[in-house]
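Summary of structural features
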Amino acid sequence: MGAVIAVFRPGPELATGLQALVDQVDAVVVVVDEHPVSGATSELLDACRAAGAEVVEHDANRGIGAALNTGVERLRTLRPGLTHVLTLDQDSAVPAGYIAALLAAASAADRAGVPVGMVAPASVGSILRLPLRRRAPRHGVRVGGEPIQSGLLVPIDVLERVGGFDETLFIDGVDTDFWLRALDLGLVCVLAPDTRLEHRLGTAITVGEDRELPLLVASTFRYHYQWRNLVALVSRHARRHPVWAVRAVVRAVRHLAIVTALAPGRLARLREAYGGLRAGLRGRSGPRP
């Protein structure tokens with residue numbers, strides 16, 4: 001059992017999260033997708049090495065899909081008998097017993113004859129605690145809808161069947177694409193009961209001095225990737241997953257409309273979304289200019 005942490009300009013939560021993880025897995029690979037590496041990042045990487053993690057540095061900013069693929073490849077070299085991989089972001093923290101709970105959920109699904117593509121926590125978030133979307137249970141096993149990448153347990157044989165994470169998406173939608181490709185093979189996302197991942201999904205919108213709305217807004221530049229990759233994913237998967245495609249478009253439009261009305265920085269955000277939409281329609285991929 002191993003874990004991959006994708007890193008880009010991390011904060012001190014990286015070292016904190018790593019400390020909670022190392023006792024639950026056999027190996028941890030930290031993949032640095034930051035080039036050149038800043039002095040602050042170098043200090044955190046030294047702390048990661050001291051905690052027992054393997055650190056791999058990319059020679060360019062290649063995106064989260066590439067970071068995850070690099071980490072999985074390195075893990076398989078370190079642990080040839082590896083059976084499962086946990087994928088994490090740098091600002092995620094797993095509670096005690098988290099890995100054991102996800103492995104138990106995978107085993108229960110296997111015994112029930114439910115084809116496991118991945119195992120996700122039942123809820124995620126540190127600002128807002130959001131439950132993952134659920135589908136009808138199968139043979140008593142909790143099945144989820146579209147998961148997020150961080151905190152996801154993936155069997156190695158599933159990675160071999162589905163293929164690696166799509167590096168051309170760069171960021172945003174990498175998890176969605178992997179999940180949809182797993183569904184194409186009849187594999188599902190299993191939810192581990194009573195588990196929660198501490199993870200920062202975005203910034204809560206604040207009204208007045210201290211009232212937070214139950215809505216998160218992403219960094220402005222992310223709206224370029226969200227809209228560009230939405231076009232790519234709908235083009236790629238809508239024929240086989242039409243319900244997902246319609247819901248994904250509706251969610252994206254609704255979210256953009258709400259944050260435009262309520263969150264500051266609306267013009268910059270709209271420019272990024274429009275630029276991403278145009279890039280997607282033109283078939284562009286990789287890092288934005």
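Notes on the structure in this doc start here.

Calculation rules
Residues numbered from 1 in each chain as written. Predicted model: local features only at pLDDT ≥ 70, side-chain atom pairs only at ≥ 80, totals over all residues. Heavy atoms only, no water. Helix = DSSP H or I, 4+ residues; strand = E, 2+ residues; numbered from the N terminus. Buried < 20%, exposed > 50% of the residue type's maximum accessible area, 1.4 Å probe, protein only. Contact = heavy atoms within 4.5 Å. Areas by Shrake-Rupley, 256 points an atom, 1.4 Å probe, with all protein chains shown as cover. Lys, Arg positive; Asp, Glu negative; His and termini not counted. Charge placed at Lys NZ, Arg CZ, Asp CG, Glu CD. Salt bridge = Lys/Arg side-chain N within 4 Å of Asp/Glu carboxyl O. Pairing = 2+ DSSP bridges. Phe/Tyr/Trp six-rings, centres within 6.5 Å; stacked < 30°, edge-to-face > 60°. Lys NZ or Arg CZ within 6 Å of the ring centre and 35° of its normal. Core = buried A, V, L, I, M, F, W, Y, C linked by side-chain atoms within 4.5 Å. Axes fitted to C-alpha atoms, helices over the stretch in contact; angles between N-to-C directions. Parallel < 35°, antiparallel > 145°, perpendicular 65-115°, else oblique. Nonpolar A, V, L, I, M, F, W, Y, C, P; charged D, E, K, R; others polar.

Turning our attention to the overall build of the chain. The secondary structure content of the chain amounts to nine helices and 12 strands. Dimensions of the chain along its principal axes, counting C-alpha atoms only, are 50 × 50 × 40 Å. Split into buried and exposed, the 289 residues of the chain put 51% on the buried side. Taking all contacts inside the chain whose residues are at least 6 apart in sequence as the whole, residues at least 24 apart take part in 76%. Entry remark: accessible area of the chain is about 13700 Å², with carbon and sulfur atoms responsible for 53%. Side-chain charges of the chain comprise 33 positive and 29 negative groups, with the mean position of each set lying 10 Å from the other.

The next subject is the pattern of salt bridges. Overall, the coordinates contain 13 salt bridges when judged by the stated rule. Here Glu167 ties to Arg62 by a salt bridge, and the two come within 3.7 Å at their closest N and O atoms. Highlighted residues: Glu167 in the loop between helix H5 (156-162) and helix H6 (174-184) and Arg62 in the loop between strand S3 (54-57) and helix H3 (64-78), separated in sequence by 105 residues. Glu167 gets classed as partly exposed once you look at its relative accessible area, which sits at 34%. Here the salt bridges do not stand alone but share partners, grouping Asp166, Asp177, Arg181 and Arg236 into one network.

Now for unusual backbone geometry. Trans is the common state for peptide bonds, and a negative phi is the common state for residues other than glycine. Cis geometry is found at the peptide bond from His35 to Pro36, where omega equals -5°. With respect to the element layout, Pro36 can be found in the loop between strand S2 (27-32) and helix H2 (39-50). Positive phi values are uncommon outside glycine, yet His139 reaches one of about 50°. Checked against the element boundaries, His139 lands in the loop between strand S7 (134-138) and strand S8 (141-144). Backbone geometry places Phe170, a non-glycine residue, at a positive phi of 70°. Mapped onto the elements of the fold, Phe170 is located in the loop between H5 and H6.

The buried count for S7 comes to zero of five residues, which makes it a mostly uncovered element. Hairpin connection between S7 and S8: a loop of two residues separates the two successive antiparallel strands, and His139 in this loop has a positive phi of roughly 50°.

In this section: the packing of aromatic side chains. Overall, the coordinates contain three aromatic pairs when judged by the stated rule. Ring centres of Phe221 and Tyr225 lie 6.4 Å apart, and the angle between their planes is 90°; this geometry places the pair in the edge-to-face category. On the basis of relative accessibility, which here comes to 4%, the residue Tyr225 falls in the buried class. One aromatic cluster in this structure is built from Phe170, Phe221 and Tyr225. It is Arg269 that lies over the ring of Tyr223; its NZ or CZ is 5.8 Å from the centre.

To continue, consider the nonpolar core. Among the nonpolar cores identified, the biggest contains 46 residues, and Val85, Met118, Leu159 and Phe178 are the most heavily contacted of them. Counting residues in hydrophobic clusters, the runner-up holds 36 residues, among them Leu88, Val114, Val141 and Leu197.

Note on placement: Glu272 falls in helix H9 (residues 266-281). A relative accessible area of 18% places Glu272 in the buried class. Discounting chain neighbours no more than four positions away, the residues touching Glu272 are Thr220, Phe221, Tyr223, His224 and Arg288.

Looking now at the packing of helix H8 (residues 242-262) against H9. How two helices pack is summed up by the angle between their axes together with the distance between the axes. Put simply, H8 and H9 touch, their axes get as near as 9 Å, and they point 155° apart. Looking at the two axes, H8 sits roughly antiparallel to H9. Here Leu256, Val259, Thr260, Ala261 and Leu262 of H8 come into contact with H9, specifically with Arg266, Arg269, Leu270 and Ala273. A class-by-class count of the residues in the contact of H8 with H9 yields six nonpolar, one polar and two charged.

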